[in-house]
Every structure is written in structure tokens, then in C-alpha cells.
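Structural overview
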Amino acid sequence: MRKNKKIILSAILLALLIILSRFLSVKTPIIKISFSFVPTMLCAIWLGPKWTVLINVLGDLIGATLFPSGAFFAGYTVSTAIAAFIYGILLYKKEPNTFTDKQFIIRTIISVLLVTVIVNMGLNTLWTSITSGKAFMVLFATRVVNQLIMVPIHIVVILFIEKVLRKPFDKYIRSNDNDD
């Protein structure tokens, strides 16, 4: 895929990420329910770890600057970069048939579980504990319940969306210009 297509696609995904995370999400002091993982995972699948980390970090910084929902804390930016890297490493399809459908399902499950445990339940709970002054274990208990509900939703949504967008992406975006 040509670099100009990558830039345009990443800009669209960045805008979608900011809209989904800042305007179309439910936030409480302890948990956040959002579909902002969709542009992150699509970027990971289509563009790889570098671009995914870039749009996630930019999305966090731009969102926090233009649409703040509290004081900025860099730990959450680190978390979003780590999540993007995990998704990018495991889900990137450099070529259309990089993985079989079964391999992609397994990679999706592994990536969602790793991000859930390392980032959402681990680091983000730590950051929330630091910023809110609440005990880590109390926050962790409430976050576990939320994550147990969200993991299957994340897996099903991303598998569905990737399957629906696979042919249009390969036909119109990836096309025959494989030079970088």
C-alpha cells in the first residue's frame, strides 16, 4: 500500500478513534465503556504496529487536549501505546492471505486477552488507583467484572467488522500498489 493511502487511512481511523472514545462512550470514575477499540484493531490489521501506536498515542493526546475529561495523566498514553503494539504485532495482515480465518480468530482472542490482562486490568487499574487515590484491589475487583463482559464483545465485534470490511479493503485500499 502506498504511503499516501496509509496516511489518509490512518487519519480517518484517528478521527474515528477520537469520536468513539470522547463522544460515544460511557465514562464513570472507575470504568469506561467504549467502542474505540474498533479503529485501533482495524489499524492494527491493515497498517501494523507502527501506525497503530501512532494513531493511538495521537488520539489520546489530541483527545485529552481538545476534549479533556479530567487532568491529563501520561500513564494512560503509555497504556494505549502498549495495547496498540500488542494488537499490531498479533493482527497485522501485510498481505491479504497472511492468516487463515482460524489463525486470525486465535490471534484476535490472544491479543484481546493480553490487552485485557496487561493493559486494562493491570496498568489502567494502577493509573486509576494513582489518580483517584482509591485502593488498587478495590478498583481491580470492579474492573474484572467489566472486562469479563467486554472481552467476548471485543472479539465478536472485531471479527465481524474485519470480515465485512475485508473484501472492500483489499479491493479499494490495498489494490495492486504494493510499493511502500
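This text follows the structure it describes.
Residues numbered from 1 in each chain as written. Predicted model: local features only at pLDDT ≥ 70, side-chain atom pairs only at ≥ 80, totals over all residues. Heavy atoms only, no water.

The end-to-end C-alpha separation of helix H4 (residues 74-91) is 26 Å, in line with the 26 Å expected for 18 residues at 1.5 Å each. Among the residues making up H4, those that are buried are Gly 75, Thr 77, Ser 79, Thr 80, Ala 81, Ala 83, Ala 84, Ile 86, Tyr 87, Gly 88, Leu 90 and Leu 91. Those residues of H4 that are buried lie in contact with helix H2 (37-47), helix H3 (49-66), helix H5 (101-132) and helix H6 (136-174). (Helix = DSSP H or I, 4+ residues; strand = E, 2+ residues; numbered from the N terminus. Expected span 1.5 Å × (residues − 1). Buried < 20%, exposed > 50% of the residue type's maximum accessible area, 1.4 Å probe, protein only. Contact = heavy atoms within 4.5 Å.)

This brings us to the packing of helix H1 (residues 3-22) against H2. H2 packs onto H1 with a crossing angle of 165° between their chain directions and a minimal axis gap of 9 Å. Classed by the angle they form, the pair H1 and H2 counts as roughly antiparallel. Here H1 runs over H2; the crossing is left-handed. Listed contacts from H2 to Lys 6, Leu 9, Ser 10, Leu 13, Leu 16, Leu 17 and Leu 20 of H1 are Pro 39, Thr 40, Leu 42, Cys 43, Trp 46 and Leu 47. (Axes fitted to C-alpha atoms, helices over the stretch in contact; angles between N-to-C directions. Parallel < 35°, antiparallel > 145°, perpendicular 65-115°, else oblique. Left-handed = near helix turned anticlockwise from the far one by under 90°.)

A separate point is the pattern of salt bridges. Following the criterion strictly, the structure yields 4 salt bridges and no others. One salt bridge in this structure joins Lys 93 and Glu 162, with 2.9 Å as the shortest N-O distance. On the criterion of sequence distance, the pair formed by Lys 93 in the loop between H4 and H5 and Glu 162 in helix H6 is long-range, its members being 69 residues apart. Across this residue pair, the class does not change: Lys 93 and Glu 162 are buried. Salt-bridge contacts for Arg 166 lead to Asp 101; the nearest nitrogen and oxygen are separated by 3.1 Å. Of this pair, Arg 166 sits in helix H6 while Asp 101 sits in helix H5, placing them 65 residues apart in sequence. Given a relative accessible area of 38%, Asp 101 falls into the partly exposed group. Beyond isolated ion pairs, a larger network of salt bridges with shared partners links Lys 93, Asp 101, Glu 162, Lys 163 and Arg 166. (Salt bridge = Lys/Arg side-chain N within 4 Å of Asp/Glu carboxyl O.)

This next bit is on a nonpolar patch on the surface. Judged by side-chain polarity, Ile 19, Phe 23, Leu 24, Leu 54, Leu 58, Ile 62, Leu 66 and Phe 67 come together as a nonpolar surface patch covering roughly 700 Å² of accessible area. With 4 residues, the top contributor of residues to the nonpolar patch is H3. One can find Leu 24 in the loop between H1 and strand S1 (26-27). For Leu 24, a relative accessible area of 56% puts it in the exposed group. (Patch = residues over 30% accessible without salt bridge, like charges linked within 9 Å, V, L, I, M, F, W, Y side chains within 5 Å. Areas by Shrake-Rupley, 256 points an atom, 1.4 Å probe, with all protein chains shown as cover.)

This part is about the environment of Ser 36. Position of Ser 36 relative to the elements: it lies in the loop between strand S2 (32-33) and H2. Assessed through its relative accessible area of 15%, Ser 36 is described here as buried. Sequence spacing of Ser 36 and Thr 116 is 80 residues, and the spatial spacing of their C-alpha atoms is 14 Å. Discounting chain neighbours no more than four positions away, the residues touching Ser 36 are Leu 17, Leu 20 and Ser 21.

All right, on to the nonpolar core then. Nonpolar side chains in soluble globular proteins generally cluster together in the buried interior. Counting 30 residues, the largest nonpolar core has Leu 13, Met 41, Trp 46, Leu 47, Tyr 87 and Leu 91 as its most contacted members. Going through the elements one at a time, H1, H2, H3, H4, H5 and H6 are the ones with two or more residues in this core. Sorting elements by how many residues they give to this core places H2 first, with 9 residues. If we ignore the near neighbours within four places in the chain, the residues touching Tyr 87 are Thr 40, Met 41, Ala 44, Tyr 92, Ser 111, Val 112, Val 115 and His 154. (Core = buried A, V, L, I, M, F, W, Y, C linked by side-chain atoms within 4.5 Å.)

On inspection of all chains with the given rule, the structure shows 7 aromatic pairs. Centre to centre, the rings of Trp 46 and Phe 169 are 4.4 Å apart; their planes meet at 5°, and the pair counts as stacked. Taken together, the residues span a long stretch of sequence, with Trp 46 in helix H2 and Phe 169 in helix H6 at a distance of 123 residues. Grouping residues by exposure puts Trp 46 and Phe 169 together as buried. Taking the centre distance of 5.9 Å and the plane angle of 15° together, the rings of Phe 136 and Phe 140 count as stacked. Of this pair, Phe 136 and Phe 140 both sit in helix H6, 4 residues apart, roughly one helical turn. The class for Phe 140 is partly exposed, based on a relative accessible area of 25%. Among the aromatic residues, those joined into a cluster by ring pairs are Phe 73, Tyr 76 and Trp 127. (Phe/Tyr/Trp six-rings, centres within 6.5 Å; stacked < 30°, edge-to-face > 60°.)

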